[in-house]
Amino acid sequence: TGFAVGLALALGSSAFIGGSFVLKKKGLLRLCRRGRARAGHGGHAYLREWLWWAGLLCMGVGEALNFAAYAFAPATLVTPLGALSVLVSAVLSSTFLNEQLNVHGKIGCVLSILGSTVMVIHAPQEEEVSSLESMAEKLKDPGFIVFAVCVLVSSLLLIFVAGPRYGQSNVLVYVLVCSAIGSLSVSCVKGLGIALKELFSGKPVLKEPLGWVLLVCLVICISIQINYLNKALDIFNTSVVTPVYYVLFTTAVMMCSTILFKEWQHMVLGNVIGSISGFLTIVSGIFLLHAFRDMPFTPNLLPLLLQPGRADLHPLWSSTDKHQPCQHQPLLPSEDKGSQSAEEEK
């Protein structure tokens, strides 16, 4: 029952979050056409744009569903299903934002879905955490403390050192901040889910300080994620930000869950190989979706061997120098070319 509920909630979360990227980008583009201060340059005019608020509402609904999914299922089961948000965002971006989705991108979306399915089948089991007391013990683990300190230090370096220098040219800067902080927010979500379960069972959870600390930390983490995700969306294409964010966020969450909840401690070798293979399949799909996004590659450009009877529509493939790469073509001026062709005719 927990698996089915967590799966349904995660699927709904992916649909809402994928749509929220497109709505936010649409609102940011409208502000850009009006000449308002852009979010990538420190402006906050998007707060007066209703499309951006609609995107934020969709993201809020998606995150709420994701919150509930983490309460019912392990993080390593819920997080890989976020690949579906990449598919939703890519399809909607090509429809409403006129962003290119070529054959490579479509194959990448399919690979992301297949990899997510493999990871769900081989999902590890986390250690049972049934109370805030056991959650507090896990948060005191030295391994998790070292991980949290590394995340905070690296995030500060990205924000104050790398951001001013490379934030406008490298998509990884702001997305890394969102992903690293997001791994901590997932831990807060798991703790708050346990607190809500205890609250509904009649325990005096409101008197426990840990629940309030987790709530404050979650609000801070989400605020940082929203701010730097807006910067990344304003500077780069949605089809770039979404897959890169997914890969980095999933990696960070898997590392955090492995350290905090010991999810991989009792796994058999087959499930370990399946989880790693599924994740690498997702990364391969994301790479296809990202690396070849600007190539105008369509099914009409497939080799003629795969499209018999359509040679007349592709003179490029039937040309005499079709096997000669562009960099090996002669670089003579037009006059020299004309004289050379005249001499050859003679």
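What counts, and where the lines are drawn
Residues numbered from 1 in each chain as written. Predicted model: local features only at pLDDT ≥ 70, side-chain atom pairs only at ≥ 80, totals over all residues. Heavy atoms only, no water. UniProt positions renumbered as here; feature names shortened; annotations may be inferred. Helix = DSSP H or I, 4+ residues; strand = E, 2+ residues; numbered from the N terminus. Buried < 20%, exposed > 50% of the residue type's maximum accessible area, 1.4 Å probe, protein only. Areas by Shrake-Rupley, 256 points an atom, 1.4 Å probe, with all protein chains shown as cover. Expected span 1.5 Å × (residues − 1). Phe/Tyr/Trp six-rings, centres within 6.5 Å; stacked < 30°, edge-to-face > 60°.

The name an unreviewed UniProt entry assigns to the chain is NIPA2 protein, from the organism Scytalopus superciliaris. Per UniProt, the chain carries the Sequence similarities (unreviewed entry) text "Belongs to the NIPA family." What the UniProt record of the chain gives under Subcellular location (unreviewed entry) is the line "Membrane".

Turning our attention to the overall build of the chain. For the chain, the helix and strand inventory stands at 13 helices and zero strands. Helices (α) and strands (β) of the chain occur, in sequence order from the N terminus, as α-α-α-α-α-α-α-α-α-α-α-α-α. Going through the 346 residues of the chain one by one, you find that 44% of them count as buried. Entry remark: accessible area of the chain is about 18100 Å², with carbon and sulfur atoms responsible for 68%.

Right, let's get into helix H4 (residues 83-96). Taking 1.5 Å of rise per residue, the 14 residues of H4 would be expected to cover 20 Å, and the 20 Å separating its terminal C-alpha atoms lies within 8% of that figure. Buried residues of H4: Ala 83, Leu 84, Ser 85, Val 86, Ser 89, Ala 90 and Ser 93, and no others. Looking one or two residues past H4, Asn 98 carries a phi angle of roughly 55°, positive in sign.

This next bit is on the environment of Ile 107. Turning to its location among the elements, Ile 107 is positioned in helix H5 (residues 103-121). Spatially, the C-alpha atom of Ile 107 lies 7.7 Å from that of Leu 289, the residues being 182 residues apart in sequence.

Quick look at the packing of aromatic side chains now. Scanning the model with the defined rule gives three aromatic pairs in all. Ring centres 5.7 Å apart and planes at 35° place the aromatic pair Tyr 174 and Tyr 228 in the tilted group. Taken as a pair, Tyr 174 in helix H8 (residues 172-200) and Tyr 228 in helix H9 (residues 209-235) lie far apart in primary sequence, 54 residues in all. Considered together, Tyr 174 and Tyr 228 belong to a single accessibility category, that of buried residues. Between Tyr 245 and Phe 249, the ring centres sit 5.6 Å apart and the planes meet at 20°, which makes this aromatic pair stacked. A residue pair is termed a helical-turn pair when its members lie 3 or 4 positions apart in one helix, as Tyr 245 and Phe 249 do in helix H10 (residues 238-261) at four residues. A residue is classified by how much of its surface remains accessible, and Tyr 245, at 13% relative accessible area, is buried. By relative accessible area, Phe 249 is classed as buried at 15%. Members of the aromatic cluster, joined through ring pairs, are Phe 21, Tyr 245 and Phe 249.

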